[in-house]
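Remarks on the overall topology
Chain by chain, the residues run as shown.
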Amino acid sequence: MTALNPIARVGDQISEVIKLHNDISKLEAKERAMQMLEKVGISRDRYHEYPHQFSGGMKQRVVIAIALLAARICSLLMNLLLPWMSLFRHKFLR
């Protein structure tokens, strides 16, 4: 699976996504990343391991955790944009 960077720790890759989209500390991003690992059935103790130390199925679950974070962000953005989209449609696309 090439979606994960082979020279970056799995937890750091998840934390990076969290930190990129939230104004939080590294420590809080790490805690949230550990929670996401647990949500997909991976022990938080594996946060500091590299992708090659995971089975194929576990790598998929890490990517799913990252995708869930991205989906949550997209959902929030859509909720913010929907009122504007309907206003635009009503005003300009008659």
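Only a predicted model underlies this, so the values are computations on that prediction, with no experimental measurement involved. (Residues numbered from 1 in each chain as written. Predicted model: local features only at pLDDT ≥ 70, side-chain atom pairs only at ≥ 80, totals over all residues. Heavy atoms only, no water.)

On to the pattern of salt bridges. Tallying each qualifying case throughout the model produces 4 salt bridges. Ionic pairing is found between E38 and R44, a salt bridge with its closest N-O pair at 3.0 Å. Here the residues in one salt-bridge network are E31, E38 and R44, joined through shared partners. (Salt bridge = Lys/Arg side-chain N within 4 Å of Asp/Glu carboxyl O.)

Take the nonpolar core next. Counting 20 residues, the largest nonpolar core has I14, I18, L37, I42 and V62 as the members making the most contacts within it. For this core, the secondary structure elements donating two or more residues are α1 (10–21), α2 (26–39) and α3 (56–92). Leave out the neighbours within four places in its chain, and I42 touches L37, F54, M58, R61 and V62. (Core = buried A, V, L, I, M, F, W, Y, C linked by side-chain atoms within 4.5 Å. Buried < 20%, exposed > 50% of the residue type's maximum accessible area, 1.4 Å probe, protein only. Helix = DSSP H or I, 4+ residues; strand = E, 2+ residues; numbered from the N terminus. Contact = heavy atoms within 4.5 Å.)

Turning our attention to the confidence of the model for the protein chain. On average, residues of the protein chain score 86 in pLDDT, and 80% of them reach the 70 mark or higher. When pLDDT is averaged over each element of the protein chain, α2 comes out on top at 94 and α3 at the bottom at 77. (pLDDT = per-residue confidence, 0-100.)

Our next topic: the packing of aromatic side chains. Inspection of the entire model under this criterion finds 0 aromatic pairs. One Lys or Arg, R46, reaches over the ring of F54 and ends 4.3 Å from the middle of that ring. (Phe/Tyr/Trp six-rings, centres within 6.5 Å; stacked < 30°, edge-to-face > 60°. Lys NZ or Arg CZ within 6 Å of the ring centre and 35° of its normal.)

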